[in-house]
Amino acid sequence: MVNGQHVVVLDGLHETEEVLKAVLEPQGCRVNRIRKPQSGDVITENELPSIVVLHGDDLAASSSAQPGWNEVPKVVIGSVKVPATPETDQSTRFLVQPFQYAELIDSIESLLNQPRSHQ
């Protein structure tokens, strides 16, 4: 199902990373947590994550800090306004805080199971 895929938690809580590792790593998915990426901390194209989990206020910073990340499906946590473009709706899931980890995992798994259009 998610074998060989890579989920990146951008900032967020340490517990979020731990829960995702506990659930997703046994299925063969790597989970990493990155603190506020800077333009110097570039992840190469072949290192692009399958999914990025981030908080709404980090959305703009994450896309501009990492080349190619605007193409990566995202789960955005917070009280953000959902953009009404169909492209965003398919590759981005929004969770309002407070959220349940089951909701987060369901959102990640649904994105991981979607066919990737640019691959």
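The structure contained in this document is the topic of the report that follows. By convention here, each chain's residues receive numbers from 1 onward along its written sequence. With the structure being a predicted model, the display of local features is reserved for residues of pLDDT at least 70 and the display and counting of side-chain atom pairs for 80 or more, all residues being used for whole-chain, interface and lining totals. To obtain the side-chain values, all non-hydrogen atoms of the structure were included, while hydrogens and water were left out.

**Things to note about the sheet that holds strand β5 (residues 92-95)**
Then comes step 1: Here, any two strands with at least 2 DSSP bridges between them count as paired. Helix and strand assignments come from DSSP, with helices taken as H or I runs of at least 4 residues and strands as E runs of at least 2, each series counted from the N terminus. With parallel pairing, the five strands of this open sheet are ordered in space as β2-β1-β3-β4-β5. Either end of the sheet is taken by a strand with one partner, and the two such strands are β2 (30-34) and β5. In this sheet, neighbouring strand axes are inclined to one another by 15 degrees on average, regardless of whether the strands run parallel or antiparallel.
Then comes step 2: Contacts between helix α1 (residues 14-24) and the sheet are confined to β1 (6-10), β2 and β3 (51-55), with β2 contributing the most and set at about 170 degrees to the helix. Only the contacting stretch of a helix is used when fitting its axis, a line to C-alpha atoms as for every element, and angles between N-to-C directions run 0 to 180 degrees. Between two residues, a contact is recorded if the distance between any of their heavy atoms is within 4.5 Å.

**Focus: the pairing of β1**
Then comes step 1: Under the scheme applied here, a residue whose accessible area is under 20% of the maximum for its type counts as buried, over 50% as exposed, and between as partly exposed, the area being computed with a 1.4 Å probe on protein chains only. Within β1, five of the five residues are buried, which leaves the element mostly enclosed by the surrounding structure.
Then comes step 2: Residues His6, Val8 and Leu10 of β1 are buried on one face, and the alternating residues Val7 and Val9, pointing to the opposite face, are buried as well.
Then comes step 3: Judged from the five bridges that link them, β1 and β2 form a sheet pairing that is parallel. Counted as the bridge partner of His6 is Arg30 from β2.
Then comes step 4: For crossovers, right-handed means that the path from the first strand over the helix to the second runs clockwise, given strands pointing away from the viewer. The handedness of the β1 to β2 crossover, carried by α1, is right-handed.

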